[in-house]
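Chains, contacts and geometry: an overview
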Amino acid sequence: MAKDWLKGIKSAYDTIIIGSGLAGLTAANKLAKLGHKVLILEHHYNLGGLATWFKRKGGHILDISLHGFPTGMIKTCRKYWTQEIADSIVRLKNIRFDNPQFSFWTNFDKNDFTRLMKDQFGIVKETVDDFFKTVRAMNFYDDLSMTTRELFEKFFPGRTDVHRLLMEPITYANGSTLDDPAITYGIVFANFMDKGVYTFKGGTSELIKKMKKELLKNGVDIRTHCMVDRVVVDDNKTVQGVEVHGRMIPATTVLSNSNILSTIHKLTGDEHFTPEFLKEVKEVRLSDSSCQVYMGLKRGEKIDHVGDLLFTSQENEFSSESLLEPETTSRTFSFYYPETRPGLNMYSIVASTNARFKDWAHLTREEYEKKKKHLIERTLDALEKYVPDVRKKIGHLEASTPLTFKRYTAHPGGVSFGTKFEGLAISKDLPKQIAGLFHAGSVGIIMSGWLGAANYGVIVANEVDKFLHAVSQPKPELETVSV
Ligand SMILES: Cc1cc2nc3c(=O)[nH]c(=O)nc-3n(C[C@H](O)[C@H](O)[C@H](O)COP(=O)(O)OP(=O)(O)OC[C@H]3O[C@@H](n4cnc5c(N)ncnc54)[C@H](O)[C@@H]3O)c2cc1C
């Protein structure tokens, strides 16, 4: 008989959270700590969404999205999770660039970038300082008409090498392009420049294990293998609960961590939204997806320290479009040395490229497998430049594509970073359309990545809390006046 993944759940909840990405988990923890009854429903067998890992025979543990995040994650984890989680966040100091325009190592912070831009690129210090001052001051309420391309041209006209240094890592980090609003670049870049790039000691597996322990301690009900089919909304445009495994679970609020477009069109249904809102939703563009090649070294095999994060490319200049091409030579390598998972004493390497769903979606099984093999071969060829004997050291090798990300996260197009900028307003306006329906998760470029998603989870949890307080207040009695 099939296992009942919902066995023992409560008859109703204050909040049901659809999905256990970092936004969903962080929102759940915050709401539970505020005293609300919270249920997380996740369709995968693991928690974490894209912040996840998998194990393979031979002792390999491979991380999906642990390349690096900004220092702000330490504060977020301390405030909304635990000191223990915050204490496991450590800095990666060896970031490396190698492309036809430049090749060097950096610790990826403002001081080092200032040095590089002065000494390697010959930019005057005042211009560099002015640039940093401008991006640091950028905030959500800024003018949206300026694009990142215009920002770069203003400070470093015609300097495609400087543009590449500044943009390439951020395109990998949040999928933004030179034509996106400059604030989507500025906010994320400034976060990284603050104190560099960080990772989680122990790997994603340890992080999510610790988060799960904390959620359970705070009374959150967590159910995996639960694909939510529908958000139930009544005729008054008010949330009633969700439908999962053919069963209705009542809730006062629903917070969806599923993609914003799936939340609207698939889970809720267009019939519940106003035509004006749907018109705006139509304009929302999804972000692109990714391919990855995961390489686990055989137990006992070693490699030299060749950097923690390597941005490599053979393209003459940076172009957001060329980064998406199936034949791109632009990729990042994340090197996980034994220090990443103390005790395991193994090495792994993950290569990531940005990718378009449509380049993988319509292949026959045979073409798909062939294309994946080709991706793996090209990645190994590129890696051999830095680790010459790597092929014979590898014990496990496999690739993921946009189809893999779609399958495991249910995100349309297997998106890595939700939607482009316009998706943020839609996500924020959801409760104005349907009382009690909220969304948190990668959206609008800014609210994506580990830090953006977790922080957005907190912002939306506060909105959910306000809503729950408002509906729990006794309604003022209507005064009866006798005439
Ligand atoms: C290849 C790759 C590398 C990345 N590297 C980095 C990095 O180095 N640093 C960084 O900061 N960020 C990185 N990111 C981005 C980062 O991982 C994400 O932005 C962030 O983890 C997204 O969190 P989220 O809360 O939006 O939810 P997601 O991680 O997208 O999770 C959503 C969850 O909802 C679940 N779900 C969806 N629909 C349903 C449903 N109907 N019922 C039940 N469950 C459902 C999904 O299964 C999933 O678990 C990377 C992303 C990719 C793809």
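See the structure above.
The following paragraphs examine the structure supplied in this document. Since the model is a prediction, treat every value here as computed from it, not as a measurement. Here, residues in each chain are numbered from 1, in the same order as that chain's written sequence. A pLDDT threshold of at least 70 governs which residues receive local features in this predicted model, and a stricter bar of 80 or more applies before side-chain atom pairs are shown or counted, although totals over entire chains, interfaces and linings include all residues.

**Brief notes about the environment of Asp161**
- Under the scheme used here, helices are H or I runs from DSSP no shorter than 4 residues and strands are E runs no shorter than 2 residues, and both carry numbers assigned from the N terminus. As for its placement among the helices and strands, Asp161 is situated in helix H7 (residues 160–174).
- The class of Asp161 is partly exposed, set by 17 C-beta atoms lying within 10 Å.
- Not counting residues within four places of it along the chain, the set of residues in contact with Asp161 comprises Gln101, Phe102 and Phe121. To sort residues by exposure, count the other C-beta atoms lying within 10 Å of each residue's C-beta; 20 or more gives buried, 12 or fewer gives exposed, and values between give partly exposed, all with C-beta atoms placed from the backbone. Residues are defined as contacting one another if the C-beta atoms placed from their backbone atoms lie within 7 Å.

**With respect to helix H5 (residues 125–137)**
- Here H5 spans 18 Å end to end across 13 residues, near enough to the 18 Å set by a 1.5 Å rise per residue.
- For H5, the set of buried residues is Val128, Phe131 and Val135. The buried side chains of H5 occupy one side of the element, clustering within an arc of 60 degrees when seen end-on. Within H5, the exposed residues directed more than 90 degrees away from the buried face are Lys125, Glu126, Asp129, Asp130, Lys133 and Ala137.
- Buried residues along H5 sit against helix H4 (110–119), helix H6 (148–155) and helix H8 (182–195). Residue count minus one, scaled by 1.5 Å, sets the expected span of a helix. Starting at the helix axis, one direction is taken to each C-beta atom, and the arc is that of these directions.

**Observations regarding the site of the ligand**
- Should the C-beta atom of a residue, placed from the backbone, lie within 6 Å of a molecule or strand, that residue is near it. Neighbouring the ligand are 38 residues; Gly19, Gly21, Ala23, Gly49 and His67 lie closest to it.
- Under this grouping Gly is polar, as are all residues other than the nonpolar Ala, Val, Leu, Ile, Met, Phe, Trp, Tyr, Cys and Pro and the charged Asp, Glu, Lys and Arg. A class-by-class count of the residues in the shell around the ligand yields 15 nonpolar, 22 polar and 1 charged.
- Where a domain begins and ends is set by an automatic assignment or by a domain database. Shared between two domains, the shell around the ligand takes at least three residues from each, and those domains are domain 1 (13–45 + 224–285 + 417–472) and domain 2 (55–68 + 288–409).

**Describing the pairing of strand E8 (residues 102–106)**
- Pairs of strands are assigned from DSSP output, requiring at least two bridges between the strands. Pairing of strand E7 (residues 95–99) with E8, which is carried by 5 bridges, proceeds in the antiparallel orientation. Across the sheet, residue Arg96 finds its bridge partner in E8, namely Trp105.
- Hairpin connection from E7 to E8: 2 residues lie between these consecutive antiparallel strands.

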